[in-house]
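# Understanding the architecture of this molecule
Okay, here's what each chain looks like letter by letter:
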Amino acid sequence: MESVAYSYGEELLSELNISISQGSFYFLTGPSGSGKTTFLKMCYGSLIPTSGNLSVFGKDSSGWSRDEIAYLRRKIGVVHQDCQFLDHLNVADNIALPIKVSARNSLSDSVNLKELLNWVSLSHRSKALPPELSGGERQRAALARAIIMSPDVILADEPTGNIDWEMSQRLIRLLIELNHMGKTVVIATHDLNLIRFTKASVQARVLRISNKTVQLAGSDL
Amino acid sequence: MESVAYSYGEELLSELNISISQGSFYFLTGPSGSGKTTFLKMCYGSLIPTSGNLSVFGKDSSGWSRDEIAYLRRKIGVVHQDCQFLDHLNVADNIALPIKVSARNSLSDSVNLKELLNWVSLSHRSKALPPELSGGERQRAALARAIIMSPDVILADEPTGNIDWEMSQRLIRLLIELNHMGKTVVIATHDLNLIRFTKASVQARVLRISNKTVQLAGSDL
Amino acid sequence: MASIKNILLPDRHLNQVVPTNGFTTLLTFFTSAAMAFLIVFSLAMSFAADRLAQSWSDSLANSATLRVSAPLADLESQTAAALNVLSNTKGIASFRLLKAEEQQALLQPWFGPKVPISNLPMPRLISIEEDENGYDRVGLRLRLAAEVPSAVLDDHTRWREPLVKAAYRIWFLGWLSIGLVFFIVISMMSLVTRAALSSNKKVIEVLRLVGATDQYIAAAFVRKFAFRAFFGSMLGAFGASMTLLLLPSEADQTVILAGLRLEGFEWSWLIFVPLSFFVFTFLTARIASLSILRSLT
Amino acid sequence: MASIKNILLPDRHLNQVVPTNGFTTLLTFFTSAAMAFLIVFSLAMSFAADRLAQSWSDSLANSATLRVSAPLADLESQTAAALNVLSNTKGIASFRLLKAEEQQALLQPWFGPKVPISNLPMPRLISIEEDENGYDRVGLRLRLAAEVPSAVLDDHTRWREPLVKAAYRIWFLGWLSIGLVFFIVISMMSLVTRAALSSNKKVIEVLRLVGATDQYIAAAFVRKFAFRAFFGSMLGAFGASMTLLLLPSEADQTVILAGLRLEGFEWSWLIFVPLSFFVFTFLTARIASLSILRSLT
Ligand SMILES: Nc1ncnc2c1ncn2[C@@H]1O[C@H](COP(=O)(O)OP(=O)(O)OP(=O)(O)O)[C@@H](O)[C@H]1O
Ligand SMILES: Nc1ncnc2c1ncn2[C@@H]1O[C@H](COP(=O)(O)OP(=O)(O)OP(=O)(O)O)[C@@H](O)[C@H]1O
Ligand SMILES: [Mg+2]
Ligand SMILES: [Mg+2]
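Presented here is an overview of the structure given in this document. (Residues numbered from 1 in each chain as written. Chains lettered and ligands numbered in written order. Predicted model: local features only at pLDDT ≥ 70, side-chain atom pairs only at ≥ 80, totals over all residues. Heavy atoms only, no water.)

### Topic: the overall build of chain C
The cut-off we apply is this: In DSSP terms, a helix is any run of H or I states spanning at least four residues, a strand is any run of E spanning at least two, and both are numbered starting from the N terminus. Categorising residues by exposure relies on relative accessible area from a 1.4 Å probe, with only protein chains included: less than 20% of the type maximum marks a residue as buried, more than 50% marks it as exposed, and the intermediate range marks it as partly exposed. In what follows, a contact means two residues having at least one pair of non-hydrogen atoms within 4.5 Å. Note that accessible areas follow from Shrake-Rupley with a 1.4 Å probe, and for residues the cover is restricted to the protein chains shown.
Along its length, chain C carries ten helices and four strands. In chain C, the succession of α and β elements from N to C terminus is α-α-α-β-α-β-α-β-α-β-α-α-α-α. Burial analysis of chain C (297 residues in total) assigns 54% to the buried set. In chain C, once contacts between residues fewer than 6 apart in sequence are set aside, the share between residues at least 24 apart is 83%. In the structure as shown, chain C presents an accessible area of about 13,300 Å², 66% of it carried by carbon and sulfur atoms.

Rendered as structure tokens:
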């Protein structure tokens with residue numbers, strides 16, 4: 001990522017020069033409205049930088065076709081801040097959606113699904129519709145959906161905002177485990193406790209957005 | 001509120017016996033999925049208890065007509081966990097929506113609106129559409145909408161989930177101020193820091209949902 | 001009812017609270033226009049058929065021909081006797097002996113213009129005009145048989161019936177299709193409203209959260225639909241009228257579909273087209289949206 | 001194209017990813033049914049008008065009458081001369097002198113059955129049947145004027161024209177309305193699809209988030225619409241056929257609208273109604289949804 005800038009009319013982020021290497025673990029912090037979500041959206045091709053070169057998996061963003069973005073997203077698991085689901089499908093179907101959309105014949109993964117539901121403690125709610133979930137349950141379901149395809153990169157935007165501390169620890173442990181398996185993890189969060197907790201068990205770096213740029217924060221957190 | 005129970009098929013909450021008096025300040029905590037949102041929804045008439053008597057402002061919930069629920073909601077400010085807005089109206093219009101829906105001629109309140117936008121630091125975003133807001137901005141806008149009618153009761157569901165600590169403090173101070181004006185405030189949250197911070201300046205009680213009932217937690221938090 | 005006032009008075013805000021889906025707008029507008037177009041055409045067809053049936057049955061039903069065909073010697077006296085009988089018959093408005101030229105005109109297709117008909121031993125023809133009450137056909141026939149045996153009464157029923165029947169069938173089909181189109185309009189508006197409400201569940205939820213009553217929410221939707229239907233049907237009715245005016249009009253009214261153009265006061269029916277669209281859409285959309293709102297708790 | 005396979009093969013999951021709004025479903029279904037109904041009726045009208053025009057112009061266009069009206073003395077010789085002329089004219093399939101009874105039948109409305117026509121100085125009528133190539137009207141008239149001055153050629157054009165014109169006008173109106181209805185179907189399907197997609201922005205966003213291509217999303221929507229239109233139009237076409245069968249059929253084909261019922265191979269056109277609905281809806285919905293998807297980034 002080289003001198004990437006993004007502006008919604010006004011410039012929001014400018015001159016970002018960052019390279020996130022495969023298998024690393026990053027936190028993204030910054031005050032509300034500083035551009036964390038915008039940063040993540042650029043990483044998964046939802047927004048295209050207004051200037052600069054962004055390349056993901058070695059492909060430059062300026063040349064992405066619509067289909068390429070779709071294929072890109074199959075390699076990136078995203079936990080969206082709003083936790084959007086298809087309200088007419090139950091939780092299990094929603095979590096399995098990425099499989100169905102991309103491959104469609106992967107019964108082998110259905111074992112995955114059950115384990116996954118257990119991991120995020122949603123087995124008992126697997127037949128519920130998304131609007132019937134509590135806020136925390138939705139966030140856990142979103143995380144489950146993000147990792148079901150075992151993507152190379154996991155981007156999570158505020159995955160623990162509505163979750164109590166115990167459950168947060170559990171989820172972060174899941175992400176740490178995935179990171180150990182070689183996956184890149186980027187988490188946007190406000191929760192300093194979470195960052196501290198994570199740093200205890202994995203070499204996580206913290207990116208701080210302030211004054212329109214991203215800086216690597218010191219280890220003083 | 002007397003022996004109120006609520007069940008979605010299975011019983012979720014049972015035998016709640018609680019009375020929230022005018023002008024008090026409550027926190028509602030409990031693990032994810034324990035029923036905090038359900039509890040608040042009963043308070044503003046979105047859900048009707050499956051058994052027991054719930055009365056709000058002295059009116060029993062079993063006798064509410066559809067219009068009475070609408071009028072009830074004008075006296076209760078709600079911050080919904082999902083922060084739903086009308087996506088086609090800008091932030092200022094969305095915040096002013098309760099005024100327009102109920103009275104329709106209240107130019108006097110437009111002074112309020114500006115102040116309010118300042119309080120939640122959204123003045124610069126007032127013409128943006130809700131989908132263009134960041135997660136934290138949306139939560140602040142939802143809080144602003146909840147208090148614009150200066151309701152008697154404010155119910156906030158996880159109002160600081162996506163907000164950094166500084167902003168959270170600021171919002172809670174606003175709520176404390178409203179509480180000093182005699183309004184009842186009920187906040188569902190996971191954030192223990194927030195509860196501690198609040199207790200320092202106002203006599204707040206903490207309700208804990210566990211094992212399907214609500215108990216007043218000790219002051220040991 | 002306060003909500004009717006809400007709907008008729010312009011209230012920018014009420015319009016705003018419901019999001020506008022441009023395609024639903026166009027769909028409502030377009031459907032109304034197409035349906036109004038059809039209705040105006042059906043109306044024109046019905047009116048034209050009615051005129052046609054009227055003119056056919058008028059010109060034929062009330063008139064008859066009495067044919068006196070006797071040997072040349074008796075012809076005059078028999079004709080006089082027939083005229084006498086007719087003048088004593090109640091229910092006949094007028095009758096007259098056709099002049100030689102008239103008779104010749106009638107026969108021209110067969111004999112050509114040059115044949116000097118007056119010289120031929122032709123039967124005499126008497127045309128008869130009934131009055132409103134009509135005359136007693138059977139009685140007249142009996143009397144003629146007795147007094148003027150060579151006279152034959154031909155009351156054209158034979159010619160009239162299938163034509164008038166066809167005209168009335170067109171008239172009936174016209175009104176039937178108007179009824180059908182209104183049925184389609186009502187069903188469509190009901191479906192469009194329901195589809196709009198159920199795809200705006202989130203909007204409804206937000207409006208309820210801030211204390212909006214069902215009446216308020218319904219009014220916001222209904223207004224949109226009613227006005228779109230109104231303006232759409234105005235456009236459709238206008239388009240249809242223009243088309244009718246552009247249709248070649250033919251002098252010969254008896255040719256079916258020649259006189260599709262509306263005439264005189266018939267144009268005033270066009271006012272009712274947009275009005276009935278407004279009223280029907282208003283009621284339909286209101287009933288539909290209140291029923292949807294009741295089902296969404 | 002893989003996406004066409006997606007659409008035609010049943011795939012429960014593809015159907016599932018898009019939420020079903022019962023009212024949009026009904027709207028599509030109902031619109032298709034109503035429009036197919038109209039199309040079948042227009043088809044029937046066109047076919048009936050075509051048959052009518054055909055029979056009128058067949059029976060009238062290829063036949064003519066030659067009238068020889070000379071004084072009784074010359075009549076026979078003139079008639080013979082006329083017959084002679086005709087037998088030397090190219091393009092005439094057959095001709096024959098009408099018998100006295102036939103002539104009498106033609107004149108009966110005017111003279112009554114009792115008049116002994118053979119005794120009258122009546123013109124002789126010769127009926128002429130053209131062959132496919134037709135004869136040279138002007139040439140024949142000239143030759144007749146020279147050789148049989150008392151003969152008048154009457155080729156019925158006068159009678160035929162307005163009737164055939166009316167029939168062709170109905171035929172034209174029928175096809176015009178079929179065209180119009182298909183235009184309406186296409187517009188409506190385009191609008192319904194666009195409305196459905198733009199009220200499902202959230203669904204599209206979620207599908208994209210998990211890596212669905214535009215093709216995949218479009219296919220999910222298009223399938224639904226195409227099948228609804230197909231089954232709706234089947235219902236409509238079936239309903240219209242039933243109605244046509246129930247219409248009173250009349251022996252007298254010349255009465256307009258009497259023979260609305262389809263005949264013989266005309267029924268096979270009905271197969272094309274649902275098929276064309278499917279194809280049109282499929283293409284329209286596909287174009288509409290891909291364009292909407294492109295506009296939503
Ligand atoms: N589509 C958009 N159009 C215009 N402005 C936008 C749009 N999306 C976001 N913004 C603005 O850009 C800024 C950064 O938004 P972003 O969502 O990236 O913040 P964030 O760091 O994720 O904040 P939070 O912690 O509150 O979620 C905000 O001020 C927001 O209002
Ligand atoms: N409409 C519904 N139908 C069925 N079950 C529901 C419905 N709404 C909520 N639930 C279930 O009830 C339980 C409590 O939900 P609730 O939203 O009250 O939890 P919560 O305490 O707010 O949790 P969180 O902190 O995660 O927001 C959850 O298990 C949820 O799945
Ligand atoms: Mg964000
Ligand atoms: Mg909750």
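### Some remarks on the interface of chain B and chain A
The cut-off we apply is this: Two parts placed together each lose some accessible area under a 1.4 Å probe, and the buried area is that loss summed for both. By salt bridge we mean one thing: a side-chain nitrogen of Lys or Arg within 4 Å of a carboxyl oxygen of Asp or Glu. Here a polar contact is taken to be a pair of N or O atoms separated by no more than 3.5 Å, where protein atoms must pair a possible hydrogen donor with a possible acceptor and residues adjacent in sequence count only if both atoms sit in side chains.
On the side of chain A, 18 residues touch chain B, which itself brings 18 residues to the contact. In this assembly, chain B packs against chain A so that about 1,400 Å² is buried in total across both faces, 35% of it on carbon and sulfur atoms. The interface formed by chain B and chain A holds zero salt bridges in total. Our count for the chain B to chain A interface comes out at four residue pairs in polar contact (both at pLDDT 80 or more).

### Observations concerning a nonpolar patch on the surface
Residues and elements named next belong to chain C. Filter applied, for reference: Each patch is built from salt-bridge-free residues with over 30% relative accessible area, joining like charges within 9 Å and nonpolar side chains (Val, Leu, Ile, Met, Phe, Trp, Tyr) within 5 Å.
Residues Y168, W171, F172, W175, L176, L180, F183, F265, W269, I271, F272 and L275 make up a contiguous nonpolar surface patch of about 1,200 Å² in total accessible area. When contributions to the nonpolar patch are tallied by element, the ones reaching two or more residues are helix 7 (157–198) and helix 10 (269–295). Here the element with the most residues in the nonpolar patch is helix 7; it accounts for seven residues. Looking at the secondary structure, you find L275 in helix 10.

### A closer look at the relation of the copies chain B and chain A
Selection rule: When the copies are superposed, the least-squares fit takes in the C-alpha atoms of residues with a pLDDT of at least 70 in both.
Rotating chain B by 180° about the axis while translating it 0.0 Å along that axis superimposes it on chain A, leaving an RMSD of 0.0 Å. These values place the two chain copies in the arrangement generated by a two-fold rotation axis. The position closest to the rotation axis in chain B is occupied by the C-alpha of G161 of chain B, lying 2.2 Å away. With an isologous cut-off of 70% or more, the 100% of interface residues of chain B that recur at the interface of chain A puts this contact in the isologous class.

### Looking at the sheet that holds strand 11 (residues 213–216) of chain B
Residues and elements named next belong to chain B. As a reminder of what qualifies: When DSSP locates at least two bridges between a pair of strands, those strands are taken to pair. Axis definition: a line fitted to C-alpha atoms, over the contacting stretch in the case of helices. Angles run 0 to 180 degrees between N-to-C directions.
Strands sit in the order 7-8-9-3-10-11 across an open sheet of six strands; the sheet is mixed. Strands at the two margins of the open sheet, each flanked by one partner only, are strand 7 (76–79) and strand 11. Sheet twist, expressed as the mean angle between neighbouring strand axes with direction ignored, is 20°. Relative to strand 10 (residues 204–210), strand 3 (residues 25–29) runs parallel, the two being bridged by five bridges. Bridge pairing links T29 to R208 in strand 10. Where helix 1 (residues 36–43) meets the sheet, its contacts fall on strand 3, strand 7, strand 8 (153–157), strand 9 (184–188), strand 10 and strand 11, and the angle it forms with strand 8 comes to roughly 155°. Set on the sheet, helix 7 (residues 192–199) makes contact with strand 3 and strand 10; between it and strand 3 the angle comes to about 165°.

### A short note on the site of ligand 2
What counts, and what does not: Near residues are defined by distance, with any heavy atom within 4 Å of the molecule or strand qualifying the residue.
Inspection of the region around ligand 2 gives 20 residues, with G136 and E137 of chain A together with K36, T37 and T38 of chain B positioned closest. Nearby residues place ligand 2 at the junction of chains A and B. The contact in question runs from an oxygen atom of ligand 2 to an N or O atom on the side chain of R125 of chain A, over 2.7 Å. The separation between an oxygen atom of ligand 2 and a polar main-chain atom of K36 of chain B is 2.6 Å.

### Thoughts on the side chain of E137 of chain B
Put simply, the rule is: Within this scheme the basic residues Lys and Arg register as positive and the acidic residues Asp and Glu register as negative, but His and the chain ends are omitted.
Structurally, the position occupied by E137 of chain B is in helix 5 (residues 135–147). We note that E137 of chain B is buried and unpaired, the nearest opposite charge coming from R125 of chain B at a distance of 4.1 Å. A distance of 2.8 Å separates the side chain of E137 of chain B from the backbone nitrogen of S134 of chain B, its partner in a polar contact. For E137 of chain B, the contacting residues outside a window of four places in its chain are S32 and G33 of chain A together with L122, H124 and R125 of chain B.

### Things to note about the environment of I186 of chain C
Residues and elements named next belong to chain C. Among the secondary structure elements, I186 is positioned in helix 7. Under the relative-accessibility criterion, I186 is labelled partly exposed at 31%. Each C-alpha atom, one on I186 and one on A285, is 8.8 Å from the other, the two residues being 99 residues apart in sequence. What I186 contacts, discounting residues up to four positions off in sequence, is F280 and T284.

### Remarks on unusual backbone geometry
Residue and element names in this part refer to chain A. A positive phi angle, near 55°, is found at S121, a position not held by glycine. On the secondary structure map, S121 appears in the loop between helix 4 (109–119) and helix 5 (135–147). Phi is positive for S150, close to 40°, though the residue is something other than glycine. Position of S150 among the secondary structure elements: in the loop between helix 5 and strand 8 (153–157). With relative accessibility at 44%, the residue S150 sits in the partly exposed group.

### Looking at the site of ligand 1
Selection criterion: Charged residues are taken to be Asp, Glu, Lys and Arg, nonpolar residues to be Ala, Val, Leu, Ile, Met, Phe, Trp, Tyr, Cys and Pro, and polar residues to be all remaining types, Gly included.
Around ligand 1 lies a shell of 20 residues, among which T37 and T38 of chain A together with R125, G136 and E137 of chain B are the nearest. Looking at what sits near ligand 1, you find residues from chains A and B. A distance of 2.5 Å separates an oxygen atom of ligand 1 from a polar side-chain atom of T37 of chain A. Where the shell around ligand 1 is concerned, the elements lending two or more residues are helix 1 (36–43) of chain A together with helix 5 of chain B. In the shell around ligand 1, the residues fall into three nonpolar, twelve polar and five charged.

### Topic: helix 3 (residues 91–102) of chain B
Among the twelve residues in helix 3 of chain B, nine count as buried, and that is most of the element. Among all positions of helix 3 of chain B, only V91, A92, N94, I95, A96, L97, P98, I99 and V101 of chain B are buried.

### Thoughts on the pairing of strand 7 of chain B
Residue and element names in this part refer to chain B. Burial of the side chains of strand 7 extends over both faces: I76 and V78 are buried on one face and G77 and V79 on the other. Across four bridges, strand 7 lies against strand 8 in parallel orientation. Opposite I76, over in strand 8, you have V153 as the bridge partner.

### Focus on the sheet that holds strand 7 (residues 76–79) of chain A
Residue and element names in this part refer to chain A. Sheet architecture is open: six strands sit in the order 7-8-9-3-10-11, paired in mixed fashion. The open sheet is flanked by strand 7 and strand 11 (213–216), the only strands paired with a single partner. This sheet shows a mean twist of 20° between the axes of neighbouring strands, independent of strand direction. Running at roughly 170° to strand 7, helix 5 makes contact with strand 7 and strand 8 of the sheet.

### Remarks on the packing of aromatic side chains
The condition is simple: Two rings from Phe, Tyr or Trp (for Trp, the six-membered ring) form a pair when their centres are within 6.5 Å of each other. A pair whose planes differ by under 30 degrees is stacked, one over 60 is edge-to-face, and the rest are tilted.
Tallying each qualifying case throughout the model produces 28 aromatic pairs over all chains. Ring plane angle 70° and centroid distance 5.6 Å describe the contact between F47 of chain D and W269 of chain D, whose orientation is recorded as edge-to-face. Of this pair, F47 of chain D sits in helix 3 (residues 22–61) while W269 of chain D sits in helix 10 (residues 269–295), and the two are 222 residues apart along the sequence. For F47 of chain D, a relative accessible area of 11% gives the class buried. Seen in terms of ring centroids, W175 of chain D and W269 of chain D are 5.7 Å apart; in terms of plane orientation they differ by 65°. Their pairing is edge-to-face. Of the two residues, W175 of chain D sits in helix 7 (residues 157–198) while W269 of chain D sits in helix 10, which places them 94 residues apart along the sequence. By relative accessible area, W269 of chain D is classed as partly exposed at 33%. Connected via pairs of aromatic rings, a cluster forms that spans F227, F230, F231, F278 and F282 of chain C.

### Regarding the pattern of salt bridges
What the rule picks out here adds up to eight salt bridges over all chains. With its nearest N and O atoms 3.2 Å apart, the salt bridge here joins D93 of chain B to K100 of chain B. The exposure class assigned to K100 of chain B is partly exposed, which follows from its relative accessible area of 21%. In this structure, the salt-bridge partner of R208 of chain D is D214 of chain D, at a minimum N-O distance of 3.2 Å. Residue classification places R208 of chain D among the buried positions, given a relative accessible area of 12%. Of the residues examined, D214 of chain D reaches a relative accessible area of 11% and is grouped as buried.

### Section: the packing of helix 8 (residues 201–209) of chain D against helix 9 (residues 214–246) of chain D
Residue and element names in this part refer to chain D. Heads up, the condition is: Oblique is the label for every angle not falling under 35 degrees (roughly parallel), over 145 degrees (roughly antiparallel), or within 65 to 115 degrees (roughly perpendicular). Each helix crossing is assigned a hand: it is left-handed if the near helix lies turned anticlockwise from the far helix by less than a right angle, otherwise right-handed if that turn is clockwise.
Contact pair helix 8 / helix 9: the axes reach a minimum separation of 10 Å and the direction vectors enclose 140°. Accordingly, the angle class assigned to the pair helix 8 and helix 9 is oblique. Helix 9 is crossed by helix 8, and the crossing has right-handed handedness. Across the interface between the two elements, I204, L207 and R208 from helix 8 touch D214, I217 and F221 from helix 9.

### Brief notes about the side chain of T24 of chain D
On the secondary structure map, T24 of chain D appears in helix 3. Setting aside anything within four residues of it in sequence, one finds T24 of chain D in contact with A195 of chain C together with V192, F225 and R228 of chain D.

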